[in-house]
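What the coordinates show
Read off the chains here:
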Amino acid sequence: DRVIAVSDTYRDRALSVNKKCNEGLTVYLGNNGETFDYGREHYHVNKPNGEFWIAYIGTMGYSYDIKLAIDAIKRAEEKNLSKKVKFIGMGRGPLLEEYKDYAEKSGISYEFTGDLDYEVMVGRMCSCDAVINCLRPGAAQSITNKVGDYALSGLPVINTQENLEYRKLVEDWNCGINCECGNVQDTANAIEKLVNNPSLCEEMGRNSRRLGEMKFDRRMTY
């Protein structure tokens, strides 16, 4: 009788085969904004001057292209960046050890934390300068838990996800940079642009937080 989904993408898929319901409702999964902000305030990590931290949170698995992020950081650092870039990967999964080895061989600055308590993860993420949403071509995800955390973080997002709904959010809210999925050079260009433009980071970060408060804070959306 009624279709309720966690993204317009999934809502429209259901409506395409449902003959009883003329319109559906989308409510993004979102996050508890109060819990999120507690983590931000109580688990902040001090970052050395002269470093630019890029965070990834979530599964270290087959849908997410962590090697692309590592390759893009390495490529970006071939340019004359104003700060040293460090990759912070938070989460676990079947490819975690493989990604650690790949990052070590690449020579970039990195840290893989493994699993963290949610509030601790939020504090560390919010101590970074940008976040990256790097999915492989053909991934079926639309609007995930991850992008809700990214929005509430108040950080610019580097996005390679193909899903048009999320790419439109990033574009409409001017909260990050959409890159071609699987394109290392395009992703490296986005990293370079953010590292060398602090004011752009701040502007996109403010927009990201506004998006989070409007679309991903359960105190509002539910």
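Structural data are supplied above this passage.
Values in this document were obtained by computation on a predicted structure and should not be read as measured data.

Notes on unusual backbone geometry
- Of note in the backbone geometry, N174 takes a positive phi value of approximately 50 degrees without being a glycine.
- Tracing the chain through its elements places N174 in the loop between α7 (164-173) and β8 (176-178).
- Taking the relative accessible area as the measure of exposure, N174 reaches 29% and is therefore partly exposed.

Quick word on the sheet that holds strand β5 (residues 109-114)
- Spatially, β5-β4-β3-β6-β7-β8 is the arrangement adopted by the six strands of the open sheet, whose pairing is parallel. Each edge of the open sheet carries a strand with a single partner, namely β5 and β8. Across the sheet, the axes of successive neighbouring strands diverge by a mean angle of 20 degrees, strand direction being ignored.
- The pairing of strand β4 (residues 84-90) with β5 spans five bridges and is classified as parallel. Bridged to G89 within β5 is F112.
- Against the sheet, helix α3 (residues 66-76) contacts β3 (51-57), β4, β5 and β6 (130-133), and its axis sits at roughly 170 degrees relative to β4.

Some details on the packing of aromatic side chains
- If you walk through the whole model with that rule in mind, you get four aromatic pairs.
- Between Y110 and F112, the aromatic rings sit 5.8 Å apart at their centres with planes inclined by 55 degrees, giving tilted as the arrangement.
- Among the residues examined, Y110 registers a relative accessible area of 26% and is labelled partly exposed.
- Feature note: the residues F87, Y110 and F112 constitute an aromatic cluster, connected by ring pairs.
- Across the ring face of Y64, the terminal group of K146 is positioned such that the distance to the ring centre comes to 4.2 Å.

Reading the values: rules and limits
Residue positions are given per chain, counting from 1 as you read along its sequence in written order. Local features in this predicted model are restricted to residues of pLDDT 70 or higher, and side-chain atom pairs are both shown and tallied only at a pLDDT of 80 or more, whereas totals for entire chains, interfaces and linings draw on every residue. Side-chain metrics rest on all non-hydrogen atoms present in the structure, leaving aside hydrogens and water. Strands are runs of DSSP state E lasting at least two residues, helices are runs of H or I lasting at least four, and both sets are numbered from the N terminus onward. Residue exposure (1.4 Å probe, protein chains only): buried if accessible area is under 20% of the type maximum, exposed if over 50%, otherwise partly exposed. Whether two strands pair comes down to DSSP finding at least two bridges between them. The axes used here are C-alpha line fits, helices contributing only the stretch in contact, and every angle between their N-to-C directions lies in the interval 0 to 180 degrees. Residue contacts are counted whenever heavy atoms from the two residues lie within 4.5 Å of one another. Each Phe, Tyr or Trp ring (for Trp, its six-membered ring) is paired with any other whose centre lies within 6.5 Å, and the angle between the two planes then decides the class: stacked below 30 degrees, edge-to-face above 60, tilted in between. Cation placement over rings: the criterion is NZ of Lys or CZ of Arg within 6 Å of the ring centroid and within 35° of the ring normal.

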